[in-house]
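# Geometric and topological summary
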Amino acid sequence: MMNDQLRAVLQGMPKAELHIHIEGSLEPELIFALAERNRVKLAYPGVEALRAAYAFSDLQSFLDIYYAGASVLLQEQDFYDMTAAYLARAAADNVRHTEIFFDPQTHTARGVPMQTVIDGIYRACQDSPVSASLILCFLRHLSEEDAFATLEAALPFRDKFIGIGLDSSEVGHPPEKFARVFARCKELGFHLVAHAGEEGPPAYIETALDLLKVERVDHGVRCLEDAALTARLAREQIALTVCPLSNIKLRVFDKMEQHNLLSLLDAGLVATVNSDDPAYFGGYLNENFFATFDALPLGLSHAQRLARNSFSAAFLPAGQKQAFLDEVDAYFAAV
Ligand code: HPA
Ligand code: ZN
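Below you will find a few notes about this structure. Bear in mind the structure is a predicted one, so any value in this text is a computation, not a measurement.

The subject of this paragraph is the sheet that holds strand β5 (residues 191-196). Taking strand neighbours across the sheet as the criterion, the 8 strands line up as β1-β2-β3-β4-β5-β6-β7-β8 in an open arrangement whose pairing is parallel. Pairing within the sheet leaves two strands with one partner each, and these edge strands are β1 (15-21) and β8 (270-273). Taking the axes of each pair of neighbouring strands and ignoring which way they run, one obtains an average angle of 25 degrees across the sheet. For strand β2 (residues 95-102) and strand β3 (residues 131-139), the ladder comprises 6 bridges, and the chain directions are parallel.

This part takes up the site of ligand 1. Near ligand 1, the surroundings consist of His21, Leu59, Phe62, Leu63, Tyr66, Asp167, Ser168, His195, Glu198, His219, Asp276 and Asp277. In the model, a nitrogen atom of ligand 1 is placed 3.2 Å from a nitrogen or oxygen of the histidine 21 side chain. The separation between a nitrogen atom of ligand 1 and a polar main-chain atom of serine 168 is 2.8 Å. Compared with its free state, where it exposes 260 Å², ligand 1 has 100% of that area covered by protein. Residue contributions to the shell around ligand 1 peak at 4 residues, all from helix α4 (residues 59-69). Broken down by class, the residue content of the shell around ligand 1 amounts to 4 nonpolar, 4 polar and 4 charged.

Turning our attention to the coordination of the zinc ion (ligand 2). In an ideal tetrahedron of four donors about a metal, each angle is 109.5 degrees. In an ideal octahedron of six donors, the angles are 90 or 180 degrees. Each protein donor to the zinc ion (ligand 2) is listed here as His19 (NE2), His21 (NE2), His195 (NE2) and Asp276 (OD); together their distances run 2.0 to 2.2 Å. Counting residues between consecutive donors of the zinc ion (ligand 2) along the chain gives the motif H-x1-H-x173-H-x80-D. When its relative accessible area of 0% is taken as the criterion, histidine 19 is described as buried.

Attention shifts here to the environment of alanine 149. When you line up the elements, alanine 149 lands in helix α8 (residues 144-154). With relative accessibility at 45%, the residue alanine 149 sits in the partly exposed group. For the pair alanine 149 and methionine 13, spaced 136 residues apart in sequence, the C-alpha to C-alpha distance is 41 Å.

Attention now goes to the side chain of serine 168. Secondary-structure assignment places serine 168 in the loop between β4 (163-167) and α9 (179-187). Within the structure, serine 168 has its side chain in polar contact with the side chain of histidine 141 (distance 2.7 Å). For serine 168, the residues in contact, after removing those within four places along its chain, are Leu59, Leu63, Tyr67, Leu139, Arg140 and His141.

The subject of this paragraph is helix α7 (residues 114-126). Taking 1.5 Å per residue as the helical rise, α7 with its 13 residues ought to reach 18 Å, and the 18 Å between its terminal C-alpha atoms agrees with that figure. The secondary structure elements touched by the buried residues of α7 are α5 (76-92), β2, α6 (104-108), β3 and α8.

One pass over the structure, following the stated rule, counts 15 salt bridges. Put simply, glutamate 76 and arginine 123 hold a salt bridge, and the shortest N to O gap is 2.7 Å. On the criterion of sequence distance, the pair formed by glutamate 76 in helix α5 and arginine 123 in helix α7 is long-range, its members being 47 residues apart. The class of glutamate 76 is partly exposed, set by a relative accessible area of 25%. Through salt bridges with shared partners, a single network forms among Glu27, Glu29 and Arg51.

In this section: the environment of glycine 165. Note on placement: glycine 165 falls in strand β4. Exposure remark for glycine 165: the relative accessible area of 0% places this residue in the buried category. Here the alpha-carbon distance between glycine 165 and alanine 194, two residues 29 residues apart in the chain, equals 4.9 Å. Contact partners of glycine 165, with chain neighbours within four places excluded, come to Ile135, Leu136, Cys137, Phe138, Phe182 and Val193.

So, about the nonpolar core. One finds Phe138, Ile164, Phe182 and Tyr280 to be the most contacted residues of the largest nonpolar core, which totals 113 residues. A per-element tally of this core places α4 first, with 6 residues. Non-local contacts of phenylalanine 138, meaning those with residues more than four positions away in its chain, are made with Gln105, Ala147, Thr150, Leu151, Ile164, Gly165, Leu166, Asp167, Val181, Phe182 and Cys185. Core analysis: the second largest hydrophobic core is formed by 5 residues, Phe101, Ile135, Cys137 and Val193 among them.

With that settled, consider the pairing of β2. Of all 8 residues in β2, 7 are buried, a share of seventy percent or more. In this structure, β1 lies alongside β2, joined through 5 bridges in parallel fashion. Bridge pairing links alanine 16 to histidine 97 in β2.

The next subject is the state of the cysteines. One pass over the full model with this rule turns up 0 disulfides. Looking at the unpaired cysteine 125, the closest cysteine sulfur is the one in cysteine 137, lying at 14 Å. Take cysteine 185: it sits in no disulfide, and the sulfur closest to it among the cysteines is that of cysteine 137, at 11 Å. Judged by its relative accessible area of 0%, cysteine 185 falls in the buried class.

Conventions used here
Residues numbered from 1 in each chain as written. Chains lettered and ligands numbered in written order. Predicted model: local features only at pLDDT ≥ 70, side-chain atom pairs only at ≥ 80, totals over all residues. Heavy atoms only, no water. Pairing = 2+ DSSP bridges. Helix = DSSP H or I, 4+ residues; strand = E, 2+ residues; numbered from the N terminus. Axes fitted to C-alpha atoms, helices over the stretch in contact; angles between N-to-C directions. Near = heavy atom within 4 Å. Polar contact = N/O pair within 3.5 Å; in protein donor to acceptor, adjacent residues only side chain to side chain. Areas by Shrake-Rupley, 256 points an atom, 1.4 Å probe, with all protein chains shown as cover. Nonpolar A, V, L, I, M, F, W, Y, C, P; charged D, E, K, R; others polar. Donors = N, O, S within 2.8 Å, 3.2 Å for Na, K, Ca; no water. Buried < 20%, exposed > 50% of the residue type's maximum accessible area, 1.4 Å probe, protein only. Contact = heavy atoms within 4.5 Å. Expected span 1.5 Å × (residues − 1). Salt bridge = Lys/Arg side-chain N within 4 Å of Asp/Glu carboxyl O. Core = buried A, V, L, I, M, F, W, Y, C linked by side-chain atoms within 4.5 Å. Disulfide = S-S within 2.5 Å.

Below you can see the structure in the form of structure tokens.
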């Protein structure tokens with residue numbers, strides 16, 4: 001159990017969040033408010049019934065409810081309100097910079113224009129004191145052809161997002177399915193990331209690196225099953241965006257005491273802590289720090305290292321990155 005001082009340090013330290021699905025920040029109260037505003041019928045009678053359905057057995061059981069929740073998003077203002085709520089919550093956790101995933105196919109498939117999605121999310125980022133950039137994710141359960149069409153539809157707004165990611169159902173949808181569309185995104189100059197090694201095997205981490213040319217791996221926690229891969233990730237300093245509460249809720253690990261965050265750090269990896277889908281997994285970023293530091297033998301030096309990793313792994317210009325790293329070091333010099 002951590003002490004009050006460590007908790008206060010974790011709360012107050014400057015940090016970046018690099019793995020947050022904006023649709024996963026949609027709280028049940030906002031889902032119902034938007035359902036009413038847009039006259040969308042939900043399969044649940046109220047907030048409590050919806051929250052009670054958040055008992056997941058694996059990734060797919062979560063995704064089914066997550067896509068249902070997103071069905072209330074129709075107007076630009078809906079995307080704005082969702083994003084503004086997340087950014088306010090992130091600011092309260094002393095998140096100084098965030099790189100936000102969004103899933104356009106979840107919305108365009110329902111007839112929502114790409115521009116509505118991107119403009120609403122982007123405008124909220126512009127209005128926030130938190131530094132924020134956007135990463136467009138392809139849904140890997142859909143075809144590569146659909147991903148190409150999504151990229152095409154988003155290119156008129158290319159100045160509003162900095163990167164491309166890959167999410168949704170991992171097993172059975174390996175990275176190689178998206179090799180050609182990622183090659184095109186690389187040519188276009190986007191930063192590249194992909195979910196790999198959450199439920200999928202370590203081989204998916206390897207193919208994400210070699211075939212998709214990703215710069216960071218989202219989750220990646222199953223890398224420790226392969227010693228050669230672990231050594232490579234350490235040697236190349238490939239960051240992993242680890243999501244501890246998500247991993248417990250989706251049963252990647254049984255209990256937080258069994259989470260491998262400390263082992264990843266001890267292996268020399270650039271691990272970071274993130275919230276994934278905070279409205280569904282029981283906590284925003286600081287709750288993820290509190291839960292891991294409560295369950296594992298992590299201390300002040302790990303806190304500083306995780307805060308530094310979050311900025312080192314960010315897609316920020318060198319000067320801005322260094323300024324954040326200096327802020328972290330100044331904060332820890334004073335505790
Ligand atoms: N994994 C895959 N897809 C997702 C996730 C996740 O953790 N969250 C939202 N979409
Ligand atoms: Zn995720």
